Amino acid sequence: MSKNYQKFAEGLLQYLNDSPTAFHAVENAAAILTESGFRELKETEAWSLERGGRYFVVKNSSAMIAFTVGKGDPAKEGFHIIGAHTDSPGLKIKPGACTVTPDGYVKMNVEVYGGAILQTWFDRPLALAGRLIVREEGVLREKLVQIDKPVFMIPNLCIHFNRDKNEKGSCNRQTEILPLFSMKKEGVEKEEYLSALLQEETGIEVADLVDYELFLYEYQKGIFTGQGQEFISASRIDDLSMVYAGLTALTEAEAGAGCQVLAAFDNEEVGSTTAQGANSGLLLHVLNRICKNLGMTDEGYFQAVANSTSISADLAHAVHPNYSDKHDTESRPVLGGGPVIKYSASQRYATTALSAAYFVEACERAGVPYQKFVNRNDIAGGSTIGPALSGLTTIPAVDMGAPILAMHSIREFGAVADMEYTRRAFLAYYEGGRL
Ligand code: CO
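Residues numbered from 1 in each chain as written. Predicted model: local features only at pLDDT ≥ 70, side-chain atom pairs only at ≥ 80, totals over all residues. Heavy atoms only, no water.

### Considerations on the overall build of the protein
Consideration 1: A count of helical and extended segments in the protein gives 10 helices and 20 strands.
Consideration 2: The C-alpha atoms of the protein give a radius of gyration of 22 Å, which matches the 22 Å a tight globule of 435 residues would have.
Consideration 3: Overall, the C-alpha framework of the protein stretches about 70 × 60 × 40 Å when taken along its three principal axes.
Consideration 4: Partitioning the contacts of the protein with sequence separation of at least 6, the portion at a separation of at least 24 is 76%.
Consideration 5: In the protein, 40 positive and 54 negative side-chain charges are present, and the distance between their average locations comes to 1 Å. (Helix = DSSP H or I, 4+ residues; strand = E, 2+ residues; numbered from the N terminus. Rg over C-alpha atoms; globule rule 2.2 N^0.38 Å. Contact = heavy atoms within 4.5 Å. Lys, Arg positive; Asp, Glu negative; His and termini not counted. Charge placed at Lys NZ, Arg CZ, Asp CG, Glu CD.)

Quick look at the structure:
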């Protein structure tokens, strides 16, 4: 294993472990960018950009667009955009956070976020992270919190009461996934269990807490596994591994003629139509501001957009060793075989022959292998930010991603080599010229 590869693999695992929510993924990305000389811009303030300058802007603390201004004429060179997402499926604390049963159990009241494989959340220590809105001296402020302690658990029903569990694995989303937090304490109201934990861990007074967005996450950390430690088993590989590969490529890339852009959106797992999601004006606003800031007219801006390309980076399905018939007979990406270009005739992936070709060229320049994926006709499969991204911007997109197993499990499973191949392909894409 080369030194660079080792460094990338360790950095990736650290990023996954340190980023239990989209808020933390953006905070940690901002730290990596700042360390590499990127300056934060505020949406609410005037920008003053320089050619070759490195910048990023954060939206809602859960999405981020980072870019290096190109040295050439943007109207001719366009933008080289990589898009990915910061959110992951999971369990979110509802307003009315706790419920107390007649038997005296205190349970967290949770809502399912995105398409989580719920069974994987059982019998695992769960911790809590997200953001709080607090009132400090009459001003509303946002505080990120991470209570990195194993405070919750969703115990399974024993096999003796559920004899056909192994044959019928379904669970009820309202009644069966509420994590146990405590036994009832005399004189404690149900509203007080969560606020006491928050106060104990953050020092924030209950009276100052206005609202929260809190998610459960797996307390146990991600690890490398496999005979040669070539695999990675961790939470949130979808899609933080692509965010991290994009971040690494963007910080390593030499400023080129065109603008290099990394867009990490929130809310992909719930359809992307939010202010901080891909199906919003966020990216277009930033592209427009870059152009106007460089003194370009509308005419120049529209030329720049027309000369741009994008990559929608989200993970792909590797052929599963135990379910090999779930893939099309001729389209069978495997772990370690390189990033996967994803096709869909119904355009649930945005790839066209042309957009695939520019990604293939980047792989070839980088010397990395690539694979192709299309669903079986009798399996609908998923979607990505690709269709929204290219529809809104009119910039062609190729949908691609590293192949993984166990997508949307609390622990997903991939090969480190694919993430590293992806980083190298992204670097070649950023540094390459216009098509
Ligand atoms: Co994804």
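### With respect to the nonpolar core
Consideration 1: With 59 residues, the main nonpolar core has M64, I232, I311, F359, M419 and F426 as its most contacted residues.
Consideration 2: Residues L91, C171, L198 and L216 belong to the second largest nonpolar core, which totals 34 residues. (Core = buried A, V, L, I, M, F, W, Y, C linked by side-chain atoms within 4.5 Å. Buried < 20%, exposed > 50% of the residue type's maximum accessible area, 1.4 Å probe, protein only.)

### Things to note about the layout of surface pockets
Consideration 1: Here the largest pocket defines a volume of roughly 670 Å³.
Consideration 2: Around the largest pocket sit 26 residues that line it, and H317, I404, A406, M407 and H408 are the ones nearest its centre.
Consideration 3: By residue class, the composition of the lining of the largest pocket is 11 nonpolar, 9 polar and 6 charged. (1 Å grid on protein atoms, 1.4 Å probe; cavity = no way out; pocket = protein on both sides within 12 Å on 5 of 7 lines; lining within 4 Å. Points joined across faces, edges and corners; volume = space filled by probe spheres on them. Nonpolar A, V, L, I, M, F, W, Y, C, P; charged D, E, K, R; others polar.)

### Points about the domain arrangement of the protein
Consideration 1: As far as domains go, the protein holds domain 1 (3–88 + 235–431) and domain 2 (91–218).
Consideration 2: Computed from C-alpha atoms alone, the centre-to-centre distance between domain 1 and domain 2 is 32 Å.
Consideration 3: Taken over both partners, the interface formed by domain 1 and domain 2 buries close to 1600 Å², and the fraction arising from carbon and sulfur atoms is 59%.
Consideration 4: Residue R411 is joined to E218 by a salt bridge in which the shortest nitrogen-to-oxygen separation is 3.1 Å.
Consideration 5: Here domain 1 is connected to domain 2 by 10 residue pairs in polar contact (both at pLDDT 80 or more).
Consideration 6: No other element matches helix α2 (residues 22–35), which puts 3 residues into the side of domain 1 that touches domain 2.
Consideration 7: Taken together, the residues of the side of domain 1 that touches domain 2 break down into 5 nonpolar, 9 polar and 7 charged. (Domains from an automatic or database assignment. Buried area = accessible area lost by both parts, 1.4 Å probe. Salt bridge = Lys/Arg side-chain N within 4 Å of Asp/Glu carboxyl O. Polar contact = N/O pair within 3.5 Å; in protein donor to acceptor, adjacent residues only side chain to side chain.)

### As for the coordination of the cobalt ion
Consideration 1: Around the cobalt ion, the protein supplies H85 (NE2), D238 (OD), D314 (OD) and D314 (OD) as donor atoms, at distances of 2.0 to 2.6 Å.
Consideration 2: One can describe the donor arrangement at the cobalt ion as irregular, given that its 4 donor atoms subtend angles of 53 to 141 degrees at the metal.
Consideration 3: Within one chain, the residues serving as donors to the cobalt ion are arranged as H-x152-D-x75-D. Note that D238 is positioned in helix α5 (residues 237–252) and D314 in the loop between β14 (309–313) and β15 (316–317), a separation of 76 residues in sequence. Judged on exposure class, the residue D238 and its partner D314 are both buried. (Donors = N, O, S within 2.8 Å, 3.2 Å for Na, K, Ca; no water. Tetrahedral: all angles 85-135°; square planar, octahedral: opposite > 155°, others 65-115°.)

### Some words on the pattern of salt bridges
Should their charged atoms come close, side chains of opposite charge can pair.
Consideration 1: All told, the structure shown has 16 salt bridges when counted by the stated rule.
Consideration 2: Among the ionic pairs, R124 bridges to E218, the shortest N-O distance being 2.7 Å. Of this pair, R124 sits in the loop between β6 (105–113) and β7 (126–136) while E218 sits in strand β10 (residues 209–218), placing them 94 residues apart in sequence.
Consideration 3: Given a relative accessible area of 22%, R124 falls into the partly exposed group.
Consideration 4: Note that E142 and R131 form a salt bridge whose closest N and O atoms lie 2.7 Å from each other. Here R131 lies in strand β7 and E142 lies in strand β8 (residues 139–152), a separation of 11 residues in the sequence.
Consideration 5: Relative accessible area serves as the criterion here: at 8%, R131 is assigned to the buried category.
Consideration 6: The network of salt bridges with common partners includes R124, E218 and R411.

### Quick word on the packing of helix α6 (residues 282–293) against helix α7 (residues 298–306)
Think of two packed helices as two axes; the pair is described by the angle between the axes and how far apart they sit.
Consideration 1: At a minimum axis separation of 10 Å, α6 and α7 run at an interaxial angle of 125 degrees. Our classification of the angle between α6 and α7 gives oblique. Judged by the sense of rotation from one axis to the other, the crossing of α6 with α7 is right-handed. Residue-level inspection shows L284, L287, N288, C291 and K292 of α6 in contact with α7, the latter providing D298, Y301 and A304.
Consideration 2: Taken together, the residues that form the contact of α6 with α7 break down as 5 nonpolar, 1 polar and 2 charged. (Axes fitted to C-alpha atoms, helices over the stretch in contact; angles between N-to-C directions. Parallel < 35°, antiparallel > 145°, perpendicular 65-115°, else oblique. Left-handed = near helix turned anticlockwise from the far one by under 90°.)

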